[in-house]
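Survey of secondary and tertiary structure
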Amino acid sequence: MNKNNLLILAEYNIWATKRLIQSLEKIDNDDFNKNVGLYFKSIAGTLNHLLLGEHCLWYSRFNEGVSPQITLDIIIHTEKAVLLSELQQKSVNWISFIDQIDETTLDGHLTYKRVSGQELTLPFAATLIHVFNHGTHHRGQITAAITALGYSCPELDLVYMLAEQTVTE
């Protein structure tokens, strides 16, 4: 995996997060917090998990070498606007992080502690891909919930971002 491919995934993460947030701003608070059968119950719970996973856990592991020992279902923000804003703001952190990594680091390994305390050593680049794939997985769950609640759902396929970039170049 080269750095340019990781940057595309980081750009996609920013783009998809922004588009999802634009749709979520139109959802009323009751539906936003309603248990709709997702693994983290509600849209709000799943977004809190995304914030926790991407930024509190993985970003700390990659950028700071720190493995916070927290549970995966913590609610960081109960206020919708604050949660959405923080997700959008923090999504851009991955770009500067990836920009500063060298090929030796990308080809190396990441050692961290899981939430359970177990230490793992995994391929650095593949584990970074996991972070972006994890976000895609949960955004897919959220878009299914948005549709089930009767709201319009954003198109989040990567090719739409690529097409937009091609048009603006």
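One structure accompanies this document, and this report is about it. (Residues numbered from 1 in each chain as written. Predicted model: local features only at pLDDT ≥ 70, side-chain atom pairs only at ≥ 80, totals over all residues. Heavy atoms only, no water.)

**Points about the packing of helix H1 (residues 3-24) against helix H4 (residues 80-91)**
Following both chains from N to C, one finds H1 and H4 inclined at 165°, their axes separated by 9 Å at the closest point. Considered as vectors, H1 and H4 are oriented roughly antiparallel to each other. Seen from above, H1 lies across H4 with left-handed handedness. Taking contact as the criterion, the partners of Asn-13, Ile-14, Thr-17, Lys-18, Ile-21 and Leu-24 in H1 are, on H4, Lys-80, Leu-84, Leu-87, Gln-88 and Ser-91. For the contact of H1 with H4, a count of residues per class yields five nonpolar, four polar and two charged. (Axes fitted to C-alpha atoms, helices over the stretch in contact; angles between N-to-C directions. Helix = DSSP H or I, 4+ residues; strand = E, 2+ residues; numbered from the N terminus. Parallel < 35°, antiparallel > 145°, perpendicular 65-115°, else oblique. Left-handed = near helix turned anticlockwise from the far one by under 90°. Contact = heavy atoms within 4.5 Å. Nonpolar A, V, L, I, M, F, W, Y, C, P; charged D, E, K, R; others polar.)

**Topic: the packing of aromatic side chains**
If you walk through the whole model with that rule in mind, you get twelve aromatic pairs. Judged by centre distance (5.0 Å) and plane angle (65°), the ring pair of Trp-58 and Tyr-112 falls under edge-to-face. In this pair, Trp-58 sits in helix H3 (residues 43-64) while Tyr-112 sits in strand E1 (residues 109-113), placing the two residues 54 residues apart along the sequence. An aromatic cluster is present here, built from Trp-58, Tyr-59, Phe-62, Trp-94, Phe-97, Tyr-112, Phe-124 and Phe-132 joined pairwise through their rings. Sitting over the face of the ring of Trp-58, Arg-61 holds its NZ or CZ atom 4.5 Å from the ring centroid. A cation sits over an aromatic face here: Lys-80 above Phe-32, 5.3 Å from the ring centre. (Phe/Tyr/Trp six-rings, centres within 6.5 Å; stacked < 30°, edge-to-face > 60°. Lys NZ or Arg CZ within 6 Å of the ring centre and 35° of its normal.)

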